[in-house]
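# Overview (structure and organization)
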Amino acid sequence: MVYRPTLPPDRVEDLRRWHEHAYRDLAAAGERRLDYLGLDLVVPPGVFAPTPTSDLLGRAVVAEVRSGERVLDMGTGSGVNALLAARAGASVLGVDVNPVPVEAAEANAVRNGVRATFRVSDVFAQVNGCFDLVVIDRPSAGSPHVTWRRRR
Ligand SMILES: C[S@@+](CC[C@H](N)C(=O)[O-])C[C@H]1O[C@@H](n2cnc3c(N)ncnc32)[C@H](O)[C@@H]1O
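The sections below set out a description of the structure shown in this document. (Residues numbered from 1 in each chain as written. Predicted model: local features only at pLDDT ≥ 70, side-chain atom pairs only at ≥ 80, totals over all residues. Heavy atoms only, no water.)

This part is about the pattern of salt bridges. This model, assessed by the stated rule, comprises 7 salt bridges. With its nearest N and O atoms 3.3 Å apart, the salt bridge here joins Glu13 to Arg17. One end of the pair is Glu13 and the other is Arg17, both in helix H1 (residues 9–29) and 4 residues apart, which spans about a single turn. Here Asp40 makes a salt bridge to Arg33, at a shortest N to O gap of 2.6 Å. (Salt bridge = Lys/Arg side-chain N within 4 Å of Asp/Glu carboxyl O. Helix = DSSP H or I, 4+ residues; strand = E, 2+ residues; numbered from the N terminus.)

Below you can see the structure in the form of C-alpha cells.
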C-alpha cells in the first residue's frame, strides 16, 4: 500500500522539525525519576515523561477508567497512562513504535506492582481486538490529547 499523507507539506515539515527538536531535548535529559499520581516512574533518556499538559490526560484516565474495561494506550512512552488504567483494574495493552519506551513501561509496571501488556507496534500494526477506551497523547506540536470511548 502506498502511504499518502493527508496533511499539507508545510504542516508535515513543522511536525518533522518539532520531532527532531523534542527528541534532541529528550536524549539530553538523562534518566528521570518522578512520582506521578502515585506512580513511581523511571524515564530513560529518549523517552517522554509526563508533563504539566499531559497531566490533564493522566487525570482523565483516572476519572474515566472502570475496573474490567479493556484499554489501549497508544504511544505509551513511560507507560504512565497504561499503568494508571491497569491500577484502576482495567485490562491494558500499551504500544509504542520505539522499543526503548516499551522496555521502560515494562520496568515501570514491575516497579509499581501493576500488570499490563506492552509491545512494539507502529500504531495499530500489532494490535488486535476491541477496546472500551483508547488513550493517546500523540506526538505533535501543540495538539490536544485525546481519548476515545465506546458508548456505554
Ligand atoms: C508525546 S509521547 C507520549 C508518551 C506517554 N503516553 C505520556 O503521556 O507520557 C508520544 C509517544 O508516541 C510514540 N509514537 C510515535 N509514533 C508512534 C507510532 N507510529 N506508533 C506508536 N507509537 C508512536 C512515541 O515513541 C512516544 O513514546
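Let us now look at the packing of aromatic side chains. Tallied over the full model, the rule gives 2 aromatic pairs. Centre to centre, the rings of Trp18 and Phe48 are 6.4 Å apart; their planes meet at 10 degrees, and the pair counts as stacked. One end of the pair, Trp18, is in helix H1; the other, Phe48, is in the loop between strand E2 (39–43) and helix H2 (54–64), and 30 residues separate them in sequence. Given a relative accessible area of 31%, Phe48 falls into the partly exposed group. Ring geometry for Tyr23 and Phe48: centres 5.4 Å apart, planes at 90 degrees, overall edge-to-face. Of this pair, Tyr23 sits in helix H1 while Phe48 sits in the loop between E2 and H2, and the two are 25 residues apart along the sequence. (Phe/Tyr/Trp six-rings, centres within 6.5 Å; stacked < 30°, edge-to-face > 60°. Buried < 20%, exposed > 50% of the residue type's maximum accessible area, 1.4 Å probe, protein only.)

Lining the immediate surroundings of the ligand are 14 residues, of which Gly75, Asp96, Val97, Asp122 and Val123 lie closest. A distance of 2.6 Å separates an oxygen atom of the ligand from a polar side-chain atom of Asp96. Here a nitrogen atom of the ligand sits 3.4 Å away from a polar atom, N or O, in the main chain of Ser121. Within the complex, the protein chains bury 89% of what would otherwise be the 610 Å² of accessible surface of the ligand. For the shell around the ligand, a count of residues per class yields 6 nonpolar, 5 polar and 3 charged. (Near = heavy atom within 4 Å. Polar contact = N/O pair within 3.5 Å; in protein donor to acceptor, adjacent residues only side chain to side chain. Areas by Shrake-Rupley, 256 points an atom, 1.4 Å probe, with all protein chains shown as cover. Nonpolar A, V, L, I, M, F, W, Y, C, P; charged D, E, K, R; others polar.)

So, about the environment of Gly129. Here Gly129 is to be found in the loop between strand E5 (117–120) and strand E6 (133–136). Look at Gly129 and you get exposed, because its relative accessible area is 65%. Note: C-alpha distance between Gly129 and Leu72 (57 residues apart in sequence) is 9.9 Å.

Residues Leu41, Val65, Val71, Leu83, Ala85, Val92 and Phe118 are the most contacted members of the largest nonpolar core, which totals 25 residues. The set of elements that each furnish at least two residues to this core consists of E2, H2, helix H3 (80–87), helix H4 (99–111) and E6. Looking at this core, the element that brings in the most residues is H3, giving 6 residues. Setting aside anything within four residues of it in sequence, one finds Phe118 in contact with Thr76, Gly79, Ala82, Leu83, Gly94, Val102, Ala105, Glu106 and Ala109. In terms of nonpolar packing, the next biggest core, distinct from the first, is built from 8 residues, Met74, Val95, Val134 and Ile136 among them. (Core = buried A, V, L, I, M, F, W, Y, C linked by side-chain atoms within 4.5 Å. Contact = heavy atoms within 4.5 Å.)

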